[in-house]
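# Observations on chain architecture
The lines below spell out each chain.
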Amino acid sequence: MGERILDIKDLVIHYETDEEVVEAVNKINLSLEKGEILGLVGETGAGKTTTALGIMRLLPPKVGHVIQGNIFFEGKDLMECSEKDMRSIRGKKISMIFQDPMTALNPVKTVGDQIAEVVELHDNCSKAEALKRAQEMLAMVGIVPERYKEYPHQFSGGMKQRIVIAIALACEPDLLIADEPTTALDVTIQAQILDMMRKLQKEKGTSMILITHDLGVVAEMCDHCAVMYAGEIVEYGTTEQVFDNPKHPYTKALYQSIPSLDKEVERLHVIPGMVCDPSNLPSGCSFCERCTEKRAACAEHDPWIVNVEAGHYAKCFQYTPEWEADKDE
Amino acid sequence: MKLRKMVTMGLAGVMAISMAGCGSKASDTSSNGAAASSNAVVATSGQAQADANAQAAGVMTANTDPANTEVTDKNITIGLASEPSAIWGAGNGTTENEEQIVSGAILDTLVAKDQKTGDIIPELATEWNWTDGTHLQFTLRDGVTMTDGSPLTADDVVYSVNVWKTASATSDTGRFLVGATKDADNKVTIEYNIAAPAMLEMMTMTNFGIVSEDEVNAAGGLEAACKNPVMGCGKYKFKSWNQGQNIVLERNDNYWNKDYKGYYKTITFTFTNDAAAREMAVESGDAQVAYDMPVSQAATFKDNDAVQTCVYTFGQVAHLWYNMTDSHPTKELALRQAIDKALDFDAIAQVGTAGFGKPALGYFEDDSPYYNQTYTAEERAVDVDGAKKILEDAGIATDGSVELTAIGLQDVNPIYTVMQENLSKIGITLKINITDTPTFVQDAFGGNYDIIMVGEYTAERYPTLLCFMQQATIDSGFVIGGPKTTTPEIDSAITQLIQETDTAKAKEEAGALEKTMKDQCIVSNLYPEMKASILAKNLKGYTTRERGFLDATNFYEAE
Amino acid sequence: MFKYIIKRILLLIPIMLGVSAIIFALKTVTPGDPARQILGNNATQEQIEEKREELGLNDPVLVQYVRYIGGVCHGDFGNSYRTGEPVLKEILPRLKTSGIITLGAVAIGAFLGILLGIISALKKYTWIDSLVLVISMFFQSVPEFVVGLVLILVFAVKLHVLPTSGIENPLGYIMPMLCIGLPSIANYTRITRSSMLEVLGEDYIRTARAKGQTEHNITYHHALRNAMIPVAQSVGTSLGNSIGGGMVVETVFGVPGVGKYIVDSITQRNYPSILGGALIIAIVLVVINLLVDIAFVLIDPRLKTTIIAGGKKQKKAKPAAA
């Protein structure tokens, strides 16, 4: 076991508006080791991006609040850091690649400037040096460095994402959070981008959190995998464990909803029901409504996390001794 | 949006003030319009006597202060309502209020009018006499020098008369002139095409300022001289005209009359349309005079200690004329009489003069030598029942089906509104048609009205006197308002009145004529019109010329 | 770019033809004979006829129109009926005066408006935000002439620091500028605020935050320039609008400007001045709009592509790298 770079303990994040309180992230625990890639999977609204923003401390001001919990980064609790300290961490130690490359770049600044900006901020160098670094970064992500003077609108979507990645990697961060880096892109471009990211990650030894709802991407890229549902991590383990031996009913359902070339099916499997309303979570298991294996107790008590095998955890009653007992009754 | 509403409402008061400001502009144009068009207009002597009604607390009147005796190097700034298009109006045939005020300070006339007594007094001419009904001979003063240093000669007068006659041929300045002849080096005879003793008084008007041909040529010819009038022999000399900004005059230290003392070295005229802004310039000290304020607005400053308010009459009475031609309901005598009885003349005078004036009891202003009290105060009282009875006897409907149209400019709207209210009580509907000047002039020329309010300047018996009922003017079509018809008797009575050489007899004749007009109810006399200005607190010597125009040369500061 | 400018200038032709045609049409239907206005009401019919002939008023309207347009092509906008001076000569100094006041007013309005808008956006939903709203709405709600009179009362009558009217003293420009500028604050504040709020919610602002950029730099380097695009559009429009629209202010402050000139000309039925004034303002408007559009390119590089390509979009945009 290597050194832990990130350790999230009991993190709770709420979005509070005048009308309601949305419990976006509920008591999650996660850890990441140096040089490792963690896949964070789950459907839209599961709290993946919120978790990432929580780590960056970039939750929407006034609305998003970390209610409790700690995020230890290289042993330091980010929740305790001043805003100034956070600024020196963002971009330098932890970088984030955002979902939509089309809107993630400032339309009125040249791409060179936008890359150089992060370098200038953290590497204590002149503007010229920063620009030079920006050109190197462009070259690294496969864009002609001379195009650093151009504006974002002059690039295609895939190239913009490369630029976003260049910005994220410009200061060689220790942790890279990639929030669905390929969703907005064509399939062919997706592969290129992922390839490039893996290559760069290997070269620099960067740790990475890869947020996606694409299980295929996780299988291809990640060492560990965490499945989120309604703000909770319902299953965690190595990628092999979670893929080959899924334990949580939600994970299993996810696999069934992947189209397969091997089997002929009339129509795709759909998980019945809707994700529960995060502003009004049930007292029991949040997946209980849609679960095919539920029992009476599931609706009454919130299940706890069960260690189903070495390094493999699932948040479900069926792996507790009580489950068997209940069955016998 | 509630907030916005409140803010707007809270400022309603302030807005009311500036509405009054708009009113002032309208009244400027109206007096211009009336002046330029009713032949009555090129007027003459101003009225000097203090109007008792204007002597309200905190209000002063014109032409009352003793003359100035001190000479200083100070400047006086006079805020006018608008910029004139030229300074020497006689040279290009225009007559604008502002132009008259400026050129009045630059040019001297042959004779002048004592604004306190109404007497004609010598100016550039020391003597004058009528050689016959149309020939007036002037004897020129010695020792008068023009701006260019040359002495005043008879040739200058002949030249000036020729300019008036040709350049102003279409205005009252030129159209009564036949020409002038030099009788001797210091004697000139001017010939008129009409016999009217008032022509002498007319020669005191600003438009008849004397210039020399050499000066006009030196200034660049007639057209250029209108805008660059370095000429004349008046109390002040033209210095500069910064278009859109100001006109500056400088004291003529070589003025022929050594008794005259000009207190200010320079006079600066500025142009500010907005009456409230003009007044504030005086309050701030940027200007000493805000000329020609709407009387209603000036009245609001009478208790303001920072400024003086000056309100005065100027020899013009507002009249209400009835269109007596076919196809107008007002052709009926009974209807006219009923209207005359129904109108509340007190209220109309109150509105028209902001409370400073009283209803006019005759056609002339009450301090005119030709004034006759044609109506008694009782006859001017409202008599709704009497009016209704007249209508019933004449078989005229009183159910509102008789509809009359009144035309006018914006400034008379409040007065028409009072009339509308009065007439509704006898079942007559009054439609008020407020238009802009060109439309008004066109309608007034064409008789496109049933009733119309017009003022006539009657300081003297000008050839244009009662032009509303002169056959010739009615025929020409170019008269603003009036009955649009007349009788040979009235026409000849007017001619007789104009030509009468004996003042006392003229007054009698005027009285007889007014009696006829009263019997036929051709016109309803309303009230003496008034002008107002705002002056700096210590300013003295507010004097006027004809038509109440400001004479800018006599101001001085109190000790 | 050059082609684009030429195209825009050519646009002037239909605009000017339209403006002049409308005014010519009005001239034929409104009452008041220009010849009589020049000569006065005592002029004889013969004199008036002579003047009408001299002015060419007896020709068919179409002939008069064509003759006028011909003159305009040579820079001859006719002579004012009132003063006899060439209209162009009368208008140019007034245009300069109005131009200075407009520029000053827009500068004041935009500066304060943008400032308040930024403050308001950064402090959204706080009492500061509400205060800014109240201030800017106050100036917008109060009519211009009231602002003008209050300014005179305060700065001239009470404090004696500025002249009440006229522009002989350069200080005289200040109050007219304020008077036109202050009411426009609300507009700029509103646009800046909403635009700022929108931009601050954009992804690239989050990107900048993720880089570790300070809030100050994010506001002024990243957000402001983007937020300024709609504001600049509004500035451009008001530049054009207020150059001929300063009539009330020019009246209150006794400023010889082009708005008052045209309004005076209208009341005097001084057609050459009305026509000339309207046409010259139309030209100025088109030129200003063009300049504003060019200025846009400097703010928003995305437009450059569109404008240079003359509408053929994406011409220069490179194809996506394979």
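Residues numbered from 1 in each chain as written. Chains lettered and ligands numbered in written order. Predicted model: local features only at pLDDT ≥ 70, side-chain atom pairs only at ≥ 80, totals over all residues. Heavy atoms only, no water.

The helix and strand inventory of chain A stands at 12 helices and 12 strands. The C-alpha radius of gyration of chain A comes to 21 Å, within 12% of the 20 Å expected for a compact globule of 329 residues. Taken over the C-alpha atoms alone, chain A extends approximately 75 × 50 × 45 Å along its principal axes. Of all 329 residues assigned to chain A, the portion counted as buried reaches 53%. In chain A, of all internal contacts separated by at least 6 residues, the share reaching a separation of at least 24 is 65%. Summed over all atoms, the accessible surface of chain A reaches about 14,900 Å², with 51% contributed by carbon and sulfur. Distance from the positive charge centre (34 side chains) to the negative charge centre (53 side chains) of chain A: 6 Å. (Helix = DSSP H or I, 4+ residues; strand = E, 2+ residues; numbered from the N terminus. Rg over C-alpha atoms; globule rule 2.2 N^0.38 Å. Buried < 20%, exposed > 50% of the residue type's maximum accessible area, 1.4 Å probe, protein only. Contact = heavy atoms within 4.5 Å. Areas by Shrake-Rupley, 256 points an atom, 1.4 Å probe, with all protein chains shown as cover. Lys, Arg positive; Asp, Glu negative; His and termini not counted. Charge placed at Lys NZ, Arg CZ, Asp CG, Glu CD.)

Here we take up the packing of helix α17 (residues 488-499) of chain B against helix α18 (residues 503-519) of chain B. Residues and elements named next belong to chain B. Running from N to C, α17 and α18 point in directions that differ by 160°, and their axes come no closer than 9 Å. Taken together, α17 and α18 sit at an angle that is classed as roughly antiparallel. Classified by chirality, the crossing of α18 by α17 is left-handed. Of the residues in α18, those in contact with Ile490, Ala493, Ile494, Gln496 and Leu497 of α17 are Ala506, Glu509, Ala510, Leu513 and Thr516. (Axes fitted to C-alpha atoms, helices over the stretch in contact; angles between N-to-C directions. Parallel < 35°, antiparallel > 145°, perpendicular 65-115°, else oblique. Left-handed = near helix turned anticlockwise from the far one by under 90°.)

Note on sheets: strands pair through backbone hydrogen bonds, and any given pair is parallel or antiparallel. Residues and elements named next belong to chain B. Taken together, four strands build an open sheet; the order of strands is β5-β6-β8-β7 and the sheet is antiparallel. Looking at strand neighbours, the two that pair on one side only are β5 (125-132) and β7 (177-184), the edges of this open sheet. Within the sheet, the average angular offset between the axes of one strand and its neighbour, ignoring direction, is 20°. Bridge analysis of strand β6 (residues 135-140) against strand β8 (residues 187-192) gives five bridges, and the strand direction is antiparallel. Considered in β8, the bridge of Thr139 is made with Lys187. Contacts from helix α5 (residues 154-167) reach β6, β7 and β8 within the one sheet, and its direction differs from that of β7 by about 175°. (Pairing = 2+ DSSP bridges.)

Residues and elements named next belong to chain A. On the surface, Asp18, Glu19, Glu20 and Asp277 cluster together into a negatively charged patch. Locating Glu19 in the fold gives a position in the loop between β1 (4-16) and β2 (21-33). Residue Glu19 is classed as exposed on the basis of its relative accessible area, which comes to 70%. (Patch = residues over 30% accessible without salt bridge, like charges linked within 9 Å, V, L, I, M, F, W, Y side chains within 5 Å. Salt bridge = Lys/Arg side-chain N within 4 Å of Asp/Glu carboxyl O.)

Residue and element names in this part refer to chain A. Pairing is antiparallel in the open sheet, where four strands are placed in the order β2-β1-β4-β5. Each of the sheet's edge strands pairs with one partner strand only, and the pair in question is β2 and β5 (76-77). Bridge count between strand β4 (residues 64-73) and β5: two bridges; the pairing is antiparallel. Bridge pairing in β5 places Phe72 opposite Asp77. In the packing of helix α1 (residues 48-56) onto the sheet, the strands contacted are β1, β2 and β4, and the crossing angle to β1 comes to about 110°.

A complete count under the given rule lists 41 salt bridges over all chains for this structure. In this structure, Arg82 of chain C and Glu96 of chain B form a salt bridge, with 3.4 Å as the shortest nitrogen-oxygen distance. With one member in each of two chains, Arg82 of chain C in the loop between α4 (61-73) and α5 (87-122) and Glu96 of chain B in the loop between α3 (89-92) and α4 (97-106) form a pair that bridges those chains. Owing to a relative accessible area of 31%, Arg82 of chain C belongs among the partly exposed residues under this scheme. Residue Asp185 of chain B pairs with Lys182 of chain B through a salt bridge whose shortest N-O separation is 3.8 Å. According to the relative accessible area criterion, Lys182 of chain B is partly exposed, its value standing at 40%. Beyond isolated ion pairs, a larger network of salt bridges with shared partners links Arg133, Glu136, Glu172 and Lys204 of chain A.

On to the packing of aromatic side chains, then. Summed over all chains, the structure comprises 22 aromatic pairs over all chains. Taking the centre distance of 5.3 Å and the plane angle of 65° together, the rings of Phe445 of chain B and Phe478 of chain B count as edge-to-face. Taken as a pair, Phe445 of chain B in helix α15 (residues 437-446) and Phe478 of chain B in the loop between α16 (471-476) and α17 lie far apart in primary sequence, 33 residues in all. Across the pair, exposure class does not vary: Phe445 of chain B and Phe478 of chain B are buried alike. Taking 5.3 Å as the distance between ring centres and 75° as the angle between the ring planes, the aromatic pair formed by Phe24 of chain C and Tyr65 of chain C counts as edge-to-face. Taken together, the residues span a long stretch of sequence, with Phe24 of chain C in helix α1 (residues 2-29) and Tyr65 of chain C in helix α4 at a distance of 41 residues. (Phe/Tyr/Trp six-rings, centres within 6.5 Å; stacked < 30°, edge-to-face > 60°.)

Further remarks concern the interface of chain C and chain B. Across the boundary between the two partners, chain C contributes 42 residues, which contact 45 residues of chain B. Around 3,600 Å² of area is buried between chain C and chain B when both sides are counted, 57% of it from carbon and sulfur atoms. In this structure, the connection of chain C to chain B is made through two salt bridges. Measuring nitrogen to oxygen at the nearest pair gives 3.3 Å for the salt bridge that ties Glu85 of chain C to Lys227 of chain B. At the junction of chain C and chain B, the tally comes to nine residue pairs in polar contact (both at pLDDT 80 or more). Looking at the side of chain C that touches chain B, the elements with two or more residues in it are α2 (34-39), α3 (45-55), α6 (127-141), α7 (144-158), α11 (247-252) and α12 (258-267) of chain C. Of the residues forming the side of chain C that touches chain B, the biggest block, seven residues, is contributed by α7 of chain C. Tallied by class, the residues present in the side of chain C that touches chain B amount to 20 nonpolar, 15 polar and seven charged. (Buried area = accessible area lost by both parts, 1.4 Å probe. Polar contact = N/O pair within 3.5 Å; in protein donor to acceptor, adjacent residues only side chain to side chain. Nonpolar A, V, L, I, M, F, W, Y, C, P; charged D, E, K, R; others polar.)

Residue and element names in this part refer to chain B. What the domain assignment lists for chain B is domain 1 (89-236) and domain 2 (314-530). The centre of domain 1, based on its C-alpha atoms, is set 34 Å off from the matching centre of domain 2. Taking both sides of the interface into account, the surface hidden between domain 1 and domain 2 amounts to around 820 Å²; carbon and sulfur atoms contribute 73%. Three residues stand out in domain 1 for area buried against domain 2, namely Pro197, Ala198 and Glu201, and they jointly supply 43% of the buried area on that side. The interface formed by domain 1 and domain 2 contains zero salt bridges. Counting across the interface, domain 1 meets domain 2 through one residue pair in polar contact (both at pLDDT 80 or more). By residue number, the principal contributor to the side of domain 1 that touches domain 2 is helix α6 (residues 198-202), which donates four residues. (Domains from an automatic or database assignment.)

Interface size is commonly expressed as the accessible surface area that is lost when the partners come together. Taken residue by residue, the interface counts 25 residues in chain C and 30 residues in chain A. Taken together, the two surfaces of chain C and chain A that pack against each other cover about 2,700 Å², and 57% of this comes from carbon and sulfur. Residue Glu117 of chain A pairs with Lys211 of chain C through a salt bridge whose shortest N-O separation is 2.8 Å. Summed over the shared surface of chain C and chain A, the result is 12 residue pairs in polar contact (both at pLDDT 80 or more). Those elements giving two or more residues to the side of chain C that touches chain A turn out to be α9 (203-210), α10 (215-244) and α14 (301-308) of chain C. By residue number, the principal contributor to the side of chain C that touches chain A is α9 of chain C, which donates six residues. In terms of residue class, the side of chain C that touches chain A is built from eight nonpolar, eight polar and nine charged.

With that settled, the discussion passes to the pairing of strand β3 (residues 37-41) of chain A. Residues and elements named next belong to chain A. Along β3, five of the five residues are buried, which leaves the element largely enclosed by surrounding structure. Side chains Ile37, Gly39 and Val41 project from β3 onto one buried face, and the interleaved Leu38 and Leu40 project onto a second face that is buried too. The pairing of β3 with strand β8 (residues 207-211) spans four bridges and is parallel. Opposite Leu40, over in β8, you have Ile211 as the bridge partner. Where β3 and strand β9 (residues 224-229) come together, four bridges link them in parallel fashion. Looking at the pairing, Leu40 lines up with Ala226 of β9.

The next subject is α9 of chain C. All names here are of chain C. Judged by how many residues are buried, α9 sits mostly within the fold: six of eight residues are covered. Taken residue by residue, α9 has Tyr204, Ile205, Thr207, Ala208, Arg209 and Ala210 as its buried positions. At the exit of α9 stands Gly212, carrying a positive phi of roughly 90°.

All right, on to the state of the cysteines then. Working definition of a disulfide: a covalent bond connecting the sulfur atoms of two cysteines. Residue and element names in this part refer to chain B. Counted according to the given criterion, the structure contains zero disulfides over all chains. With no disulfide partner, Cys226 has as its closest neighbouring cysteine sulfur the one in Cys233, 17 Å distant. The exposure class assigned to Cys226 is buried, which follows from its relative accessible area of 1%. With no disulfide of its own, Cys521 lies closest to Cys467 among cysteine sulfurs, the gap being 19 Å. (Disulfide = S-S within 2.5 Å.)

The next thing to look at is the arrangement of the chains. By number of contacts, the leading pair among the two pairs of chains in contact is chains B and C. Here chain A and chain B are not in contact; the least distance found between their C-alpha atoms is 23 Å.

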